[in-house]
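Read off the chains here:
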Amino acid sequence: MVSEQDFIPSAYTNTVANGNFEWSAPSNIALVKYWGKKANQIPANPSISFTLNNCKTITKLGFEKKQSSDAFSFDLLFEGQPKESFRPKIEKFFERVAVYLPFLNNYHFTIDTQNTFPHSSGIASSASGMAALAMNLMSLERLLNPEMTDDYFYQKASFLARLGSGSACRSVKGSVVVWGEHAEIEGSSDLFGVPFTAEVHDVFKDYQDTILLVDKGEKQVSSTLGHDLMHNHPYAERRFAQAHENLSALKAALTLGDVEAFIKITESEALTLHAMMMTSQPYFILMKPNTLEIINAIWKFRAETAIPVCFTLDAGANVHILYPENVSVKVLAFIKDNLLGYCQNSQYLCDKIGAGAVLIA
Ligand code: DP6
């Protein structure tokens, strides 16, 4: 089994003075949710997600060898402009990954990042952002150690991304990714995401995710705090066990093309996630009235048409609407006619299952 030690490199064989890379990494949407963690970003339960295609972070990493190697040194740009408010997050990330990337304080970095989705959309950019940064850092490590295998490259990128933000480890690869040890997923690990290698039925291959932007405001409670509230949570143990059961059932549904089972598990996971928030101490609610309006409208539409459309939620008020490609004309018409009134400024994003991070330059 792969351990943390395996990601501590031995001395590098090459030296590199300067250069730059550019990677894009997508967001992902969990079907079985990660909610609750142990020390060092170890998840309390396994999760599984669809990697997205259109909602991405694109990050350029410039690097230049410096004289002294005492402290981390980097400039941070967002859409080409200095962005001081991102510094603490990156500083913390560098501290967490330094032992795995001993070259970090030998270089001055310029990190220039942008998202393909509007920044105040309430779509978390931490998953795509940390994954894109991790890919760039691995490209630099590969220059220092050209012997590195592709498997190691991607596994360690996911490992590093996890240390930035847990769900980011599921944004390195496509199109269905599992993170966290699970008895029925071979090679699954708490340390990094692994591609789901069991057969995925055709019906799920072009799955669509239309994201309804219900509330773009700052969340009252961050995910990191929410995870913490699973310690001493009255339902934690049962919830963690349930995630294992749901992942088993979802694995079977994905392979068999059992859309009905998929809907049951996915919607129940979304509501369970929010139920955990509502039953923690302190308790909180991230859904908005319009989140519930949308959920009810989806249930009504599904009952009337038998079209297999369902919803999931992340840690916020926005609704992800999931459905097979072959019903997209009908579902999009339904969304436009019935749901956009519940969105802030009628805003929504069309996404679908995607293939993971891409090297641009
Ligand atoms: C509800 O990955 O954002 O989206 O590890 O503290 O950065 P940190 O948390 P984060 O949590 C995501 C939680 C979730 C469910 C999921 O994506 O599995």
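All figures in this text were calculated on a predicted structure; none of them were measured in a lab.

The rules behind each value
Residues numbered from 1 in each chain as written. Predicted model: local features only at pLDDT ≥ 70, side-chain atom pairs only at ≥ 80, totals over all residues. Heavy atoms only, no water. Helix = DSSP H or I, 4+ residues; strand = E, 2+ residues; numbered from the N terminus. Rg over C-alpha atoms; globule rule 2.2 N^0.38 Å. Buried < 20%, exposed > 50% of the residue type's maximum accessible area, 1.4 Å probe, protein only. Contact = heavy atoms within 4.5 Å. Areas by Shrake-Rupley, 256 points an atom, 1.4 Å probe, with all protein chains shown as cover. Lys, Arg positive; Asp, Glu negative; His and termini not counted. Charge placed at Lys NZ, Arg CZ, Asp CG, Glu CD. Near = heavy atom within 4 Å. Polar contact = N/O pair within 3.5 Å; in protein donor to acceptor, adjacent residues only side chain to side chain. Domains from an automatic or database assignment. Axes fitted to C-alpha atoms, helices over the stretch in contact; angles between N-to-C directions. Parallel < 35°, antiparallel > 145°, perpendicular 65-115°, else oblique. Left-handed = near helix turned anticlockwise from the far one by under 90°. Nonpolar A, V, L, I, M, F, W, Y, C, P; charged D, E, K, R; others polar. 1 Å grid on protein atoms, 1.4 Å probe; cavity = no way out; pocket = protein on both sides within 12 Å on 5 of 7 lines; lining within 4 Å. Points joined across faces, edges and corners; volume = space filled by probe spheres on them. Pairing = 2+ DSSP bridges. Phe/Tyr/Trp six-rings, centres within 6.5 Å; stacked < 30°, edge-to-face > 60°. Lys NZ or Arg CZ within 6 Å of the ring centre and 35° of its normal. Salt bridge = Lys/Arg side-chain N within 4 Å of Asp/Glu carboxyl O. Buried area = accessible area lost by both parts, 1.4 Å probe.

### Notes on the overall build of the protein
No. 1: A count of helical and extended segments in the protein gives 8 helices and 14 strands.
No. 2: By the compact-globule yardstick of 21 Å for 361 residues, the protein fits well, its C-alpha radius of gyration being 20 Å.
No. 3: Overall, the protein is about 65 × 45 × 40 Å in size when its C-alpha atoms are taken along their principal axes.
No. 4: Residues counted as buried form 53% of the 361 residues belonging to the protein.
No. 5: Once local pairs closer than 6 in sequence are excluded, the contacts in the protein between residues at least 24 apart make up 76%.
No. 6: Summed over all atoms, the accessible surface of the protein reaches about 15,900 Å², with 50% contributed by carbon and sulfur.
No. 7: The averaged location of the 38 negative side-chain charges in the protein is 3 Å from the averaged location of its 30 positive side-chain charges.

### Overview of the site of the ligand
No. 1: Tyr34, Ser165, Gly166, Ser167 and Arg170 are the nearest of the 15 residues found near the ligand.
No. 2: One of the side-chain N or O atoms of lysine 37 is found 2.7 Å from an oxygen atom in the ligand.
No. 3: One nitrogen or oxygen atom from the side chain of arginine 170 is found 2.7 Å from an oxygen atom belonging to the ligand.
No. 4: At 3 residues, helix 4 (residues 223–228) tops the list of elements feeding residues into the shell around the ligand.
No. 5: Two domains share the shell around the ligand, each providing at least three of its residues, namely domain 1 (4–199) and domain 2 (203–352).

### A word on the packing of helix 6 (residues 259–278) against helix 7 (residues 289–305)
No. 1: Helix 7 packs onto helix 6 with a crossing angle of 165° between their chain directions and a minimal axis gap of 14 Å. By the criterion of interaxial angle, the relationship of helix 6 to helix 7 is roughly antiparallel. Remark: the crossing between helix 6 and helix 7 carries left-handed chirality. For the pair helix 6 and helix 7, contact is made by Ile263, Glu267 and Leu271 and by Ile295, Trp299 and Arg302, respectively.
No. 2: Looking at the contact of helix 6 with helix 7 residue by residue, the classes come out as 4 nonpolar, no polar and 2 charged.

### Considering the layout of surface pockets
No. 1: Put simply, the second largest pocket is a space of about 230 Å³.
No. 2: What lines the second largest pocket is a set of 14 residues, among which Asp151, Gln155, Gly193, Val194 and Pro195 lie closest to the centre.
No. 3: Sort the elements by how many residues they give to the lining of the second largest pocket and helix 3 (residues 150–164) lands first, with 5 residues.
No. 4: Taken together, the residues of the lining of the second largest pocket sort by class into 5 nonpolar, 5 polar and 4 charged.

### A short note on the pairing of strand 5 (residues 73–78)
Residues in a regular strand point their side chains to alternate faces of the sheet.
No. 1: Here strand 5 shows a buried face lined by Phe74, Leu76 and Phe78 and an unburied face lined by Ser73, Asp75 and Leu77.
No. 2: Bridge count for strand 5 against strand 7 (residues 107–115) is 6 bridges, and the pairing is parallel. From the neighbouring strand, phenylalanine 78 faces strand 7, where its bridge partner is threonine 113.
No. 3: Of the strand pairs in this sheet, strand 5 and strand 6 (residues 81–82) are connected by 2 bridges, and their pairing is antiparallel. Bridge assignment links leucine 77 to a residue of strand 6, and that residue is proline 82.
No. 4: Connecting the antiparallel pair strand 5 and strand 6 is a turn made up of 2 residues, with glutamate 79 showing a positive phi of about 50°.

### Concerning the packing of aromatic side chains
No. 1: Applying the stated criterion to the full structure yields 24 aromatic pairs.
No. 2: Measuring from centroid to centroid gives 6.1 Å for tyrosine 107 and phenylalanine 109, while their planes differ by 40°, and the two rings are tilted. In this structure, tyrosine 107 and phenylalanine 109 share a single accessibility class: buried.
No. 3: Connected via pairs of aromatic rings, a cluster forms that spans Tyr12, Phe21, Phe63, Phe72, Phe74, Phe93, Phe94, Phe103, Tyr107 and Phe109.
No. 4: Above the plane of the ring of phenylalanine 153 lies arginine 142, whose end atom (NZ or CZ) is 4.1 Å from the centre.

### A word on the pattern of salt bridges
No. 1: Within the structure shown, the criterion is met by 7 salt bridges.
No. 2: In this structure, the salt-bridge partner of glutamate 141 is lysine 156, at a minimum N-O distance of 2.8 Å. Within this pair, whereas glutamate 141 is found in helix 2 (residues 126–144), its partner lysine 156 is found in helix 3, the two being separated by 15 residues in sequence.
No. 3: Accessibility expressed as a relative area gives 1% for glutamate 141, which makes it buried.
No. 4: According to the relative accessible area criterion, lysine 156 is buried, its value standing at 0%.
No. 5: Measuring nitrogen to oxygen at the nearest pair gives 3.2 Å for the salt bridge that ties glutamate 245 to arginine 238.

### Considerations on the domain arrangement of the protein
No. 1: Assigned domains within the protein: domain 1 (4–199) and domain 2 (203–352).
No. 2: Computed over C-alpha atoms only, the centres of domain 1 and domain 2 are separated by 25 Å.
No. 3: Taken together, the contact pairs 35 residues of domain 1 with 43 residues of domain 2.
No. 4: When the two sides are added together, the surface that domain 1 and domain 2 hide from each other amounts to roughly 3,300 Å², 68% of it contributed by carbon and sulfur.
No. 5: Of all residues in domain 1, Leu31, Lys33 and Trp35 give up the largest surface area on contact with domain 2, accounting jointly for 24% of the area buried on that side.
No. 6: Taken together, domain 1 and domain 2 are joined by 0 salt bridges.
No. 7: Summed over the shared surface of domain 1 and domain 2, the result is 16 residue pairs in polar contact (both at pLDDT 80 or more).
No. 8: Put simply, the parts of the chain that give the side of domain 1 that touches domain 2 at least two residues each are strand 1 (18–32), strand 4 (47–65) and strand 8 (176–179).

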